[in-house]
Amino acid sequence: MGFIWITALKDLRRFWRQPLTLAVWVGIPLMVGVLMISLFGGREGPRPQAYVLVADEDDSFLSGALVGMLSQEAAGDYVRAERVTREVGRARIEKGDGTALLIIPAGFGEAVLREDSCTLRLITNPSQVILPRIVEEGLSIVADGSFYAHRLVGEDLRRFADGPPGGANVFADSTVAEFSVRVNRLSDRLAHYLNPPLITMEDAPPPEEDAETESVTTNAGMIFLPTLLFMALLFMAQGLGNEYWEEDRLNTLRRVLVSPRGVPAFVGAKLLAAFALMLCVSLIALAAGYAYLRLDWSTLPPVLLWAGCAGTALTTLFTLLQLFAASQRAAHILGMSLLFPLMFLGGSFFPVEVMPDWMAAVTRWTPNGWALMWFKRIMLAEAGPGPLAAAFAALLAGTLVLAIICGWRLRRRFARG
Amino acid sequence: MIQVEGLRKQYGDFQAVKGISFTAEPGAIFGLLGPNGAGKSTTIGCISGLLEPSAGRVTVMGHDVVGDGPASRRELGIVPQEIAVYEDLSARENLAYWGAAYGLRGAALRARVDAILEQVGLSDRAKGAVKKFSGGMKRRLNFGCGIVHEPRVLLLDEPTVGVDPQSRVHLLDHVRALAASGACVLYTTHYLEEAEVLCDRLAIVDEGVIIAMGTLAELRAQLGEKDLLRLGGRFDGEAALGALAALPGLEIVQADAETLTLAVAGATGRLPEIFRVLEGAGCEVRETTLRQPSLESLFIKLTGKELRE
């Protein structure tokens with residue numbers, strides 16, 4: 001055990017003195033992660049809100065009501081309105097300060113009441129895409145509302161637009177009461193259609209899938225944390241798989257092969273070093289991820305252990321492949337030719353959650369995809385002790401078999417001639 | 001002690017070693033001398049357990065290298081031809097690692113590391129990264145890594161290739177000291193002068209076989225007291241060879257259309273006679289090289305070619 005421990009320590013010391021290599025192994029996935037999360041959206045932040053500048057040149061009761069409607073109650077979650085003059089509004093939109101400028105022309109209120117034509121001008125900020133459309137849709141709904149109001153109580157509206165009859169200053173109480181009664185009865189008649197609404201919209205969970213399918217996580221961070229960690233583990237596995245060739249380049253491999261402990265202890269030491277390195281990188285990544293995503297810390301130890309073991313298993317896989325190469329350069333090319341398909345098909349670049357069904361089905365059959373699936377189950381505390389123990393046993397058995405073949409191949413490739 | 005009996009090593013159709021046998025005794029330096037590709041490194045590989053012999057038997061201090069590999073390897077220290085150290089580690093870390101690989105631990109390991117650093121002249125650079133060392137310093141460290149565990153049998157595979165003259169002298173002194181302390185040293189080289197001054201016994205290897213073996217004196221005796229005369233020019237016709245063969249005390253070692261190698265007792269005084277015979281046979285001599293009896297001339301006598309060819 002002493003030789004294994006000493007050799008592993010020696011390797012860790014060597015890796016520590018190659019900070020650039022370590023930076024590349026961890027840095028590439030980190031960079032890809034930042035880009036991906038920027039692309040798909042990260043943890044929930046403040047809700048985006050349209051900022052509408054309103055130049056109300058009518059300054060009537062109805063124009064005030066329109067501005068109020070844009071930003072009241074539910075719509076207020078998405079739209080905020082601010083009154084400005086036309087000139088100020090234009091200047092601010094030019095500078096990109098605001099989602100849109102709504103110009104309500106003089107005579108707007110009168111035109112609505114009489115159902116005359118009237119043009120509302122909406123100048124949108126070209127640098128925004130979604131929010132101006134929300135404002136447009138909102139105005140369109142208001143226009144539709146005006147149309148239907150005229151179909152139902154248009155005559156009364158027009159009467160109100162004409163003003164009190166006979167030169168009176170205000171409408172007669174009976175006229176106002178009569179209008180109120182009519183609107184009330186109309187509301188009662190329409191209540192059947194309007195309340196509750198015939199069409200309702202609600203959030204629905206995705207349909208239940210079979211036991212093999214991973215739980216769908218909606219949070220982008222939750223999706224990307226395992227993906228990026230496994231991308232880093234894959235890069236490290238590919239790099240560490242080249243270690244025997246590196247030892248050969250340094251001519252130290254032959255010296256090791258003729259030492260009393262020989263091949264099995266050396267392979268064991270390399271695996272121990274790989275495990276320690278995988279564990280360190282995983283610990284840093286997972287600690288940051290757990291803190292950021294506010295995950296349940298109690299799942300961290302098994303998750304960490306799984307990541308370390310999975311990374312070591314992947315290292316033995318890459319090692320074995322590269323031991324079949326004719327030279328270090330060829331080994332590197334072989335390693336890369338395995339790395340990228342595994343990364344793309346195994347859910348270690350694009351998360352399984354965004355893959356088409358056929359590709360997600362393939363993922364399950366790749367070694368990293370299988371390990372990733374279990375990683376998520378452990379992280380979300382969805383794996384029972386029995387299946388988890390079986391998964392660990394399978395992972396360790398696979399690693400052991402690969403390591404034995406590595407030892408055999410190492411001796412055939414570099415010794416025994 | 002190293003005992004090699006009928007060692008053969010075959011790679012497909014190619015036989016790198018064709019039945020080599022020798023014994024290297026403790027307290028002495030046994031040299032394997034031969035040109036590149038003669039089979040020296042393959043022989044070392046088989047002794048160290050790196051290569052599996054195709055036939056024959058090798059024992060190290062009585063342990064069969066195939067049947068009892070770990071025990072035989074425990075006795076061995078190896079200084080390979082190529083520099084075999086970790087460049088990201090310091091000299092001290094390298095020595096400590098290779099010492100630990102052979103079972104040294106704790107205070108004993110530290111003491112040995114200090115002693116070796118002193119011996120190879122790297123005490124002042126003990127903590128420096130090896131990648132910043134000069135070639136000579138790396139060579140010295142390479143040597144130190146092979147002897148840090150005080151092996152009873154030491155295999156040195158052309159350890160002075162690429163070493164500056166000062167480091168070479170230093171290194172050869174160490175090898176002598178190790179042998180004097182009782183270690184069995186097997187030393188391969190293609191530097192004849194090095195073999196002549198260092199080795200107690202020698203085996204000359206060519207094309208996978210030992211063509212001569214013994215002490216330096218025994219090998220010189222095989223050559224006799226004849227000088228080696230190498231002539232360059234144009235030599236055609238059986239008549240010339242016939243005429244030369246008739247001269248007393250002269251032996252034709254090698255002959256072709258452009259070179260002629262002769263073993264001649266007292267060659268300096270007989271040059272006019274030899275030139276006259278050749279001229280009479282219609283040959284033309286353009287270049288003459290005369291060598292005193294040496295391993296080089298023995299090698300040429302035995303193989304008909306120069307060691308560095």
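Residues numbered from 1 in each chain as written. Chains lettered and ligands numbered in written order. Predicted model: local features only at pLDDT ≥ 70, side-chain atom pairs only at ≥ 80, totals over all residues. Heavy atoms only, no water.

What chain B contains, in helices and strands, is 11 helices and 14 strands. Viewed in the frame of its principal axes, chain B has a C-alpha envelope of about 80 × 40 × 35 Å. Here chain B, with 309 residues, has 53% of them falling under the buried criterion. Counting only contacts in chain B whose residues sit at least 6 apart along the sequence, the fraction spanning at least 24 positions is 68%. For chain B, the accessible area works out to roughly 12600 Å², and carbon and sulfur atoms hold 50% of it. Across chain B, the centroid of the 33 positively charged side chains sits 6 Å from that of the 40 negatively charged ones. (Helix = DSSP H or I, 4+ residues; strand = E, 2+ residues; numbered from the N terminus. Buried < 20%, exposed > 50% of the residue type's maximum accessible area, 1.4 Å probe, protein only. Contact = heavy atoms within 4.5 Å. Areas by Shrake-Rupley, 256 points an atom, 1.4 Å probe, with all protein chains shown as cover. Lys, Arg positive; Asp, Glu negative; His and termini not counted. Charge placed at Lys NZ, Arg CZ, Asp CG, Glu CD.)

The subject of this paragraph is unusual backbone geometry. Residues and elements named next belong to chain A. At Asn-251, a residue that is not glycine, the phi angle is positive and equals roughly 65 degrees. Topologically, Asn-251 is positioned in the loop between helix H10 (243–249) and helix H11 (252–257). For Arg-294, which is not a glycine, the phi torsion comes out positive at approximately 55 degrees. Tracing the sequence through the fold places Arg-294 in the loop between helix H12 (262–293) and helix H13 (300–323).

Tallying the contact residues gives 27 residues for chain A and 32 residues for chain B. Both faces combined, the contact of chain A with chain B buries some 2600 Å², and carbon together with sulfur accounts for 58% of it. Our enumeration of links across chain A and chain B arrives at two salt bridges. Glu93(B) is the salt-bridge partner of Arg13(A), the closest N and O atoms lying 3.9 Å from each other. Run the count over chain A and chain B and you get 11 residue pairs in polar contact (both at pLDDT 80 or more). Elements represented by at least two residues in the side of chain A that touches chain B include exactly helix H1 (2–16), H11, H12 and helix H17 (385–414) of chain A. Tallied by class, the residues present in the side of chain A that touches chain B amount to 10 nonpolar, eight polar and nine charged. (Buried area = accessible area lost by both parts, 1.4 Å probe. Salt bridge = Lys/Arg side-chain N within 4 Å of Asp/Glu carboxyl O. Polar contact = N/O pair within 3.5 Å; in protein donor to acceptor, adjacent residues only side chain to side chain. Nonpolar A, V, L, I, M, F, W, Y, C, P; charged D, E, K, R; others polar.)

For chain B, the assigned domains are domain 1 (2–220) and domain 2 (225–292). Look at where the C-alpha atoms of domain 1 of chain B and domain 2 of chain B centre, and you get two points 41 Å apart. (Domains from an automatic or database assignment.)

For the coordinates displayed, the defined rule picks out 17 aromatic pairs over all chains. Between Phe340(A) and Phe344(A) the ring centres are 6.4 Å apart and the planes differ by 25 degrees, which places this aromatic pair in the stacked class. Here Phe344(A) and Phe340(A) lie together in helix H14 (residues 328–345), a separation of four residues that amounts to about one turn. Looking at Phe340(A), the relative accessible area reads 34%, which means it is partly exposed. Aromatic pair Phe22(B) and Phe30(B): ring centres 4.7 Å apart, planes at 10 degrees, arrangement stacked. No difference in accessibility class separates Phe22(B) from Phe30(B), as the two residues are buried. (Phe/Tyr/Trp six-rings, centres within 6.5 Å; stacked < 30°, edge-to-face > 60°.)

So, about H13(A). The periodicity of an α-helix, 3.6 residues per turn, causes residues three or four places apart in sequence to face the same way. With 24 residues, H13(A) extends 34 Å from end C-alpha to end C-alpha; this agrees with the ideal 34 Å at 1.5 Å per step. A large share of H13(A) lies buried, amounting to 19 of its 24 residues. (Expected span 1.5 Å × (residues − 1).)

Residue and element names in this part refer to chain A. It is the contact of H1 with H12, at a shortest axis distance of 8 Å, that shows an interaxial angle of 50 degrees. Looking at the two axes, H1 sits oblique to H12. In the crossing of H1 with H12, the sense of the turn from one axis to the other is right-handed. On the side of H1, the interface is formed by Phe-3, Ile-4, Trp-5, Thr-7, Ala-8, Lys-10, Asp-11, Leu-12, Arg-14 and Phe-15, while H12 contributes Ala-265, Phe-266, Gly-268, Ala-269, Lys-270, Leu-272, Ala-273, Ala-276 and Leu-277. Residue classes in the contact of H1 with H12 are distributed as 13 nonpolar, two polar and four charged. (Axes fitted to C-alpha atoms, helices over the stretch in contact; angles between N-to-C directions. Parallel < 35°, antiparallel > 145°, perpendicular 65-115°, else oblique. Left-handed = near helix turned anticlockwise from the far one by under 90°.)

So, on to the sheet that holds strand S2 (residues 79–83) of chain A. Residues and elements named next belong to chain A. Ordered by their spatial adjacency, four strands build an open sheet running S2-S1-S3-S4, and the pairing between neighbours is mixed. In this open sheet, the two edge strands, each paired with only one partner strand, are S2 and strand S4 (121–124). Between one strand and the next, the sheet's axes are offset by a mean angle of 25 degrees, whatever the strand orientation. As paired elements, strand S3 (residues 100–104) and S4 share four bridges and run antiparallel to each other. (Pairing = 2+ DSSP bridges.)

Residue and element names in this part refer to chain B. Looking at the secondary structure, you find Thr-42 in helix H1 (residues 40–48). Looking at Thr-42, the relative accessible area reads 13%, which means it is buried. Apart from residues lying up to four places away in sequence, Thr-42 is in contact with Lys-9, Tyr-11, Ala-16, Val-17 and Leu-51.

The next point concerns the sheet that holds strand S1 (residues 2–11) of chain B. To summarise the sheet geometry, strands pair through backbone hydrogen bonds and adopt either a parallel or an antiparallel arrangement. Residues and elements named next belong to chain B. What the four strands build is an open sheet, ordered S2-S1-S4-S5; its pairing is antiparallel. Bordering the open sheet on either side are strand S2 (14–24) and strand S5 (63–64), each of which pairs with just one other strand. Bridge analysis of strand S4 (residues 55–60) against S5 gives two bridges, and the strand direction is antiparallel. Bridge pairing in S5 links Thr-59 to Asp-64. Set on the sheet, H1 makes contact with S1, S2 and S4; between it and S1 the angle comes to about 115 degrees.

Bringing the side chain of Asn368(A) into the picture now. All names here are of chain A. Along the chain, the position of Asn-368 falls in helix H16 (residues 367–379). Engagement of the side chain of Asn-368 in a polar contact is seen with the side chain of Ser-348, the distance being 2.9 Å. Ignoring anything within four residues of it in the chain, the contact list for Asn-368 reads Phe-230, Leu-234, Leu-314, Leu-342, Met-343, Gly-346 and Ser-348.

What follows concerns the confidence of the model for chain B. For chain B, the average pLDDT comes to 88, and 97% of its residues sit at 70 or higher. When mean pLDDT is taken per element in chain B, helix H3 (residues 91–101) of chain B scores highest with 95 and helix H11 (residues 295–303) of chain B scores lowest with 76. (pLDDT = per-residue confidence, 0-100.)

This part is about the confidence of the model for chain A. Residue and element names in this part refer to chain A. Residues of chain A with pLDDT of at least 70 account for 88%, and the chain-wide mean is 83. Ranking the helices and strands of chain A by mean pLDDT puts H13 first, with 94, and helix H4 (residues 73–76) last, with 59. Scored below 50 in pLDDT, residues 209–218 shows 15 contacts in the model against residues more than four places distant or in partner chains.

On domain assignment, one finds that chain A holds domain 1 (2–42 + 219–414) and domain 2 (50–162). One C-alpha centre belongs to domain 1 of chain A, the other to domain 2 of chain A, and the line joining them spans 58 Å.

Glancing now at the nonpolar core. Counting 102 residues, the largest nonpolar core has Leu410(A) and Leu295(B) as the members making the most contacts within it. With residues near it in sequence (within four places) discarded, Leu410(A) still touches Tyr244(A), Leu253(A), Leu257(A), Val263(A), Phe266(A), Val267(A), Leu323(A) and Ala415(A). Membership of the second largest hydrophobic core comes to 54 residues, among which are Leu233(A), Ala274(A), Leu339(A) and Ile378(A). (Core = buried A, V, L, I, M, F, W, Y, C linked by side-chain atoms within 4.5 Å.)

Okay, helix H4 (residues 106–119) of chain B next. Between its first and last C-alpha, H4(B) extends 20 Å over 14 residues, near the 20 Å set by a 1.5 Å rise per residue. Just past H4(B), the residue Gly121(B) takes up positive phi, approximately 70 degrees.

Turning next to the pairing of strand S8 (residues 184–189) of chain B. It is a general feature of regular strands that their side chains alternate between the two faces of the sheet. Residues and elements named next belong to chain B. By the criterion of burial, S8 is predominantly enclosed, with six of the six residues buried. Along S8, one buried face is formed by Cys-184, Leu-186 and Thr-188 and the opposite face, lined by Val-185, Tyr-187 and Thr-189, is buried too. With five bridges connecting them, strand S3 (residues 29–33) and S8 associate as parallel partners. Considered in S8, the bridge of Phe-30 is made with Leu-186. Across five bridges, strand S7 (residues 153–157) lies against S8 in parallel orientation.

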